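# Summary of structural features
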Amino acid sequence: MLNRIVLMGRLTRDPELRRTQSGTAVASFTLAVDRDFADKATGNRPTDFIDIVAWRGTAEFVSRYFTKGRMAVVEGRLQIRDWQDRDGNKRRSAEVVAENVYFGDSRRDGDSGGSYAPRTGSAYPAGNSGYAPAAPQASSYDNVPAAPIVSEFAELSDDDGELPF
């Protein structure tokens, strides 16, 4: 069976970080995700508001680096939960359990607070193994001396100033 979801949208509020009785971190937030088509009558694109739940290291990562309005890419799975309301009525909720969360914008575009500034256009996976990208691996080309810079271009002397197009 396959249950895989990838969403890109903006956080509608700051993530809420809580801990279970055993101390496991859990963060919840909502993504506003625009649909791919526009409404014919208004020309506006409808927006879906999707509840997201992240656990452990991913929860801590999201709560530390994401704020309201920040663009996020979430990879995870859909989960349907049955529950009872205060009146004893059976209810059903759908949410995405996030396995990885990536930056969907640059720090400049996101305009969120905090001291962490990713490189423009980068996306760092959250995962459960840490908060920073892996260190670059040594390459067999690291110890090769650089080639000298040689200019093989000659100056044109018969330029009449007219462009050929």
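Check the entry above for the structure.
For clarity, every value in this text was computed on a predicted model and none was experimentally measured.

### Some words on the overall build of the protein chain
For the protein chain, the count of helices and strands is 2 helices and 6 strands. The helix and strand sequence of the protein chain, counted from the amino end, reads β-β-β-β-α-β-β-α. Buried positions account for 30% of the 165 residues belonging to the protein chain. Nonlocal contacts in the protein chain, meaning residues at least 24 apart in sequence, comprise 56% of its contacts between residues at least 6 apart.

### Section: the packing of aromatic side chains
Tallying each qualifying case throughout the model produces 4 aromatic pairs. Their ring planes at 15° and their centres at 4.8 Å tell us that F66 and F103 sit as a pair that is stacked. Residue F66 is located in the loop between α1 (56-65) and β5 (71-84), and its partner F103 is located in strand β6 (residues 90-103); the two are separated by 37 residues in the primary sequence. Assessed through its relative accessible area of 1%, F66 is described here as buried. An aromatic cluster is built from F61, Y65, F66 and F103, whose rings are joined through pairwise contacts.

### Looking at the side chain of R70
Mapped onto the elements of the fold, R70 is located in the loop between α1 and β5. Among the polar contacts made by the side chain of R70, one reaches the side chain of D105 at a distance of 2.7 Å.

### Remarks on the pattern of salt bridges
Under the defined criterion, the tally for this structure stands at 10 salt bridges. E60 is the salt-bridge partner of R19, the closest N and O atoms lying 3.2 Å from each other. Here R19 is found in strand β2 (residues 16-19), whereas its partner E60 is found in helix α1, with 41 residues between them in sequence. A residue is classified by how much of its surface remains accessible, and R19, at 48% relative accessible area, is partly exposed. Residue class for E60 comes out partly exposed when judged on its relative accessible area of 22%.

Thresholds, definitions, all that
- Residues numbered from 1 in each chain as written.
- Predicted model: local features only at pLDDT ≥ 70, side-chain atom pairs only at ≥ 80, totals over all residues.
- Heavy atoms only, no water.
- Helix = DSSP H or I, 4+ residues; strand = E, 2+ residues; numbered from the N terminus.
- Buried < 20%, exposed > 50% of the residue type's maximum accessible area, 1.4 Å probe, protein only.
- Contact = heavy atoms within 4.5 Å.
- Phe/Tyr/Trp six-rings, centres within 6.5 Å; stacked < 30°, edge-to-face > 60°.
- Polar contact = N/O pair within 3.5 Å; in protein donor to acceptor, adjacent residues only side chain to side chain.
- Salt bridge = Lys/Arg side-chain N within 4 Å of Asp/Glu carboxyl O.

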